[in-house]
Amino acid sequence: MSGLAAGIRLAHFDQRVCILERHYTIGGLNSFYRLRGRDYDVGLHAVTNFTAQGQRKGPLARILRQLRFRWEDFALAPQFGSSIRFPGRELRFSNDLELLRSEIAREFPGQQDGFEQLLRRLVDYDDLNEEAYQLSARQVLAETLSDPLLVEMLLCPLMWYGNAREHDMDFGQFCIMFRSIFLEGLARPLAGVRVILKQLVRRFRALGGELKLRSGVERIQVEGERAVGVVLDNGQQLEARKILSSAGLVETLRLCEDTSRLERVPAGRLSFTECVSILDCQPAALEFPQTIVFYNDSDRFHWQRPDELCDVRTGVICSPNNYLYDPADGNLPEGVVRITSLANYDHWNTLQAEAYALEKYRWYDRAVASAVRFIPDFRQRVIDTDMFTPTTIRRFTWHDNGAVYGAPDKRLDGTTHLKNLFLCGTDQGFVGIIGAIVSGISIANRHLLREED
Amino acid sequence: MTPAEIREEVLDILGDIAPDDDLSALDDDVAFRDQLELDSMDFLDIVMELRKRYRVQIPEEDYSHLASMASTVSYLEPLMRDMQKI
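Remember, predicted model here, so these are calculated numbers, not experimental data. (Residues numbered from 1 in each chain as written. Chains lettered and ligands numbered in written order. Predicted model: local features only at pLDDT ≥ 70, side-chain atom pairs only at ≥ 80, totals over all residues. Heavy atoms only, no water.)

Turning next to the sheet that holds strand β9 (residues 217-223) of chain A. Residue and element names in this part refer to chain A. Spatially, the three strands line up as an open sheet ordered β9-β10-β11, and their pairing is antiparallel. Among the strands making up the open sheet, the edge pair consists of β9 and β11 (237-239). The mean inter-strand angle of the sheet, taken between neighbouring strand axes irrespective of direction, is 25°. Pairing analysis gives six bridges linking β9 to strand β10 (residues 226-232), with the strands arranged antiparallel. (Pairing = 2+ DSSP bridges. Helix = DSSP H or I, 4+ residues; strand = E, 2+ residues; numbered from the N terminus. Axes fitted to C-alpha atoms, helices over the stretch in contact; angles between N-to-C directions.)

Following this line, the structure appears as C-alpha cells:
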C-alpha cells in the first residue's frame, strides 16, 4: 500500500514507475482473500486516523490531498464505539475524545489531571524527531499517571495496533498510535480494504504506472554506493534510477548484493493468529455492538512473543458489522467476529501440514474461549470459520517471522546505506492503512521527487 | 498568459490539491495558509504542478513568493508572460 501511494505521487509527476509485488495479489498485510464464497480482509480491523469530511488537518486529509482523492472515494464509515476490558474494569472510547475522558474520570477518579498532562506531552506527527521518538513510552506514562492499571489499559490497544517492540513502546510510536486511535478515530469501508486498494491501483494505472504481480525481487544489484537495478525471481533484470522498497528493513538489506558488509539489524518477533467466525446473525443482536474490544485477563499486559504457539491471555475482538454504515448501503449480510491473538512464528512454521491443521482447530477454540470471557458468547451462532497464522502473514508480507509491524528499530528518514535506495512502509515508521499511505507519500516527496530539480 | 489567466491556472491547481475546498471565496491578499490550511507538502505541490504543466522552475528560495494568490501571480507573471494557457 505504501508502494502504491508512492507510485501514484511519482507517476503523477511524470516519472516512469514500476511496482513489483511478489504475491499474486496486492495489498501486503492489508490485503484480502475469498474462501467458500465469502470475502475476508487480512489486516484490516479498522482504518485508524479517521477524521470527518471537511476536516483539513490530520493524516487522512493530507493523503487525500496529496493523492488527489475525494473524501468519499475511501467510503469510510465511522466506528460504533470500542472498549478496553481488563478484569472488572472497562474504558470505552469512540471517535470523540470526550468519551475516553469521561470514562477515565469514572473508572480512575484522581487520574484526570495526569491524563490531561499526558495529552499535552503528545508530540505532533510532524514534530517527531529521533530523540523524542526513542523515549520509553512506559517511562513517560509512569511520570504522568500514578495508577499502573490505567497505564496498562492505555497501552493495550496502542501496542496491539502498532507496536513492533516487545514489552515497551517507543514514545514516538506511542504518540502516533494515540493520535490515530484516540484523537482521530476508527472507520471502515463496508466492502473492506479492497475499496481503498482498488482506488489506489486504478489511479496508479491511469497515470501510466506499471504494476507487476508474481514478480518477487530476488536481489538488488549494487555498484559502489548505488543500487543500479533489480533481478526478479524469474531472472528478469530491470534497471532503475531510484529504488523504493516496502519489503522491510532487514528484508531489503538482505536483497542487496553487498549484504555481507552490512551490520545485522534485528527483525521483529511479534506475529498474530486471527480467528474469523461467521455468524448466522448480526453481532449486535447478541448484545455485542462494540466495534473493537481490546481485552487482557490480568492487571498486567504482556506484549511479547509467546513461548507456545499462541498467547490468548490478551487479544483483540473486532466486528466489521459494527460500524455506522449509511443505512442506504445496509450492512454485511452475515455477522463476523474476528479475534486476534499473539503467536510464535517459528512454532507455526515448523508444523507439518496435518499438525498445522490440527493446531489451527485447537487454537481457534482456545482464542474464542478466552475472548468470550469479555463479550457475549457467540459460539452457538457460528456457521463458518477461518483462521490465519504467522505463516499466512509471512506469505502476504514476506516479513521475517511474520512480523506484523516489522522490525523494532525504525528508519524514520527512509534512507539506507545506498544513496538511491529508500525504505517506505512499516519499517519507515508508520503502520496501518493510512500510515502506510503517509509513509509512501512522504518518502516519495522527500527523496524521489525533490531531487529532480 | 495574462495575470488573470495565471490566476485561473493557480486556482485550478488548488482545486486539484484540495477538491473538497470552496475556492470561490478565496481572498487574493490573504495567505493561502490562513484560508486553506495548506501544509508544506501542499506548497510543494503547487510548485510541482507548475513545473509539470508549464515547465516553470521555481527555486526553493523563492517559495516565499507563493504565500498568497496576489503574490503568486505577480511572481509568476514575468515567468509565464510568454506562455499559452493550456
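Turning next to the sheet that holds strand β13 (residues 271-279) of chain A. Two strands in a sheet stick together by hydrogen bonds in their backbones, pointing the same way (parallel) or opposite ways (antiparallel). Residue and element names in this part refer to chain A. The seven strands are arranged β6-β5-β14-β15-β16-β13-β17 in an open sheet whose pairing can be described as mixed. The strands lining the two open edges of the sheet, one partner per strand, are β6 (89-93) and β17 (382-388). Geometrically, the sheet is characterised by an average inter-axis angle of 20° between neighbouring strands, direction not taken into account. Sheet analysis places β13 next to β17, joined by six bridges and oriented antiparallel. When the bridges of β17 are listed, Val276 appears paired with Asp386. Docked against the sheet, helix α12 (residues 353-371) engages β13, β14 (292-296), β15 (310-318), β16 (335-343) and β17, running at close to 65° with respect to β15. (Contact = heavy atoms within 4.5 Å.)

This model, assessed by the stated rule, comprises 51 salt bridges over all chains. Between Arg219 of chain A and Glu257 of chain A there is a salt bridge, with its nearest N and O atoms 2.9 Å apart. With Arg219 of chain A in strand β9 and Glu257 of chain A in the loop between α10 (249-255) and β13, this pair connects stretches of sequence that are 38 residues apart. Given a relative accessible area of 38%, Glu257 of chain A falls into the partly exposed group. With its nearest N and O atoms 2.9 Å apart, the salt bridge here joins Arg53 of chain B to Asp12 of chain B. (Salt bridge = Lys/Arg side-chain N within 4 Å of Asp/Glu carboxyl O. Buried < 20%, exposed > 50% of the residue type's maximum accessible area, 1.4 Å probe, protein only.)

With that settled, the discussion passes to the domain arrangement of chain A. All names here are of chain A. As assigned here, chain A comprises domain 1 (2-77 + 191-266 + 405-448), domain 2 (82-184) and domain 3 (269-397). Here the C-alpha centroids of domain 1 and domain 3 sit 27 Å apart. Taken together, the contact between domain 1 and domain 3 spans 19 residues of the former and 22 residues of the latter. Ranking the residues of domain 1 by area buried against domain 3 places Arg38, His45 and Ala77 at the top, with a combined share of 35%. Across the contact surface, domain 1 and domain 3 share three salt bridges. One salt bridge connects Arg38 with Glu334, and the closest N-O pair in it is separated by 2.6 Å. (Domains from an automatic or database assignment. Buried area = accessible area lost by both parts, 1.4 Å probe.)

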